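Inside the fold
Residue-level listing of the chains:
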Amino acid sequence: MRQIKEKGYALRFQGKLGDDKIYTGDILAIGIGYWKDAKEHECKIEKLSI
């Protein structure tokens, strides 16, 4: 989640300054971590505001 926010991946949905927004719905960030040795995973979903 930190990487998604730091890199600003959701900003591409804003469009260019002065243009109409490309997408006007909700943006969800989804992070999945997998630990091979333990064969476990974790998933986090967060609604982003841009």
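Heads up: these notes are all about the structure in this document. (Residues numbered from 1 in each chain as written. Predicted model: local features only at pLDDT ≥ 70, side-chain atom pairs only at ≥ 80, totals over all residues. Heavy atoms only, no water.)

Looking now at the overall build of the chain. Helix and strand counts for the chain come out as one helix and two strands. Put simply, the chain has 50 residues, and 12% of those count as buried. Looking at the chain alone, contacts between residues at least 24 apart form 27% of all its contacts between residues at least 6 apart. Accessible surface for the chain amounts to roughly 4,800 Å². Of this, 51% is attributable to carbon and sulfur atoms. (Helix = DSSP H or I, 4+ residues; strand = E, 2+ residues; numbered from the N terminus. Buried < 20%, exposed > 50% of the residue type's maximum accessible area, 1.4 Å probe, protein only. Contact = heavy atoms within 4.5 Å. Areas by Shrake-Rupley, 256 points an atom, 1.4 Å probe, with all protein chains shown as cover.)

Going through the model one piece at a time under the given rule, you end up with four salt bridges. The partner of R2 in a salt bridge is E6, with the nearest N and O atoms 3.8 Å apart. With R2 and E6 both in helix α1 (residues 2–6), this residue pair falls four residues apart, about one helical turn. What makes E6 exposed here is its relative accessible area of 59%. Between E46 and K5 there is a salt bridge; the shortest N-O distance is 2.5 Å. Of this pair, E46 sits in strand β2 (residues 40–48) while K5 sits in helix α1, and the two are 41 residues apart along the sequence. (Salt bridge = Lys/Arg side-chain N within 4 Å of Asp/Glu carboxyl O.)

This next bit is on the pairing of β2. Inspection of the sheet shows strand β1 (residues 27–35) paired to β2 by nine bridges, in the antiparallel sense. When the bridges of β2 are listed, A29 appears paired with E46. The antiparallel hairpin formed by β1 and β2 contains four residues in its connecting segment, where K39 sits at a positive phi of about 55 degrees. (Pairing = 2+ DSSP bridges.)

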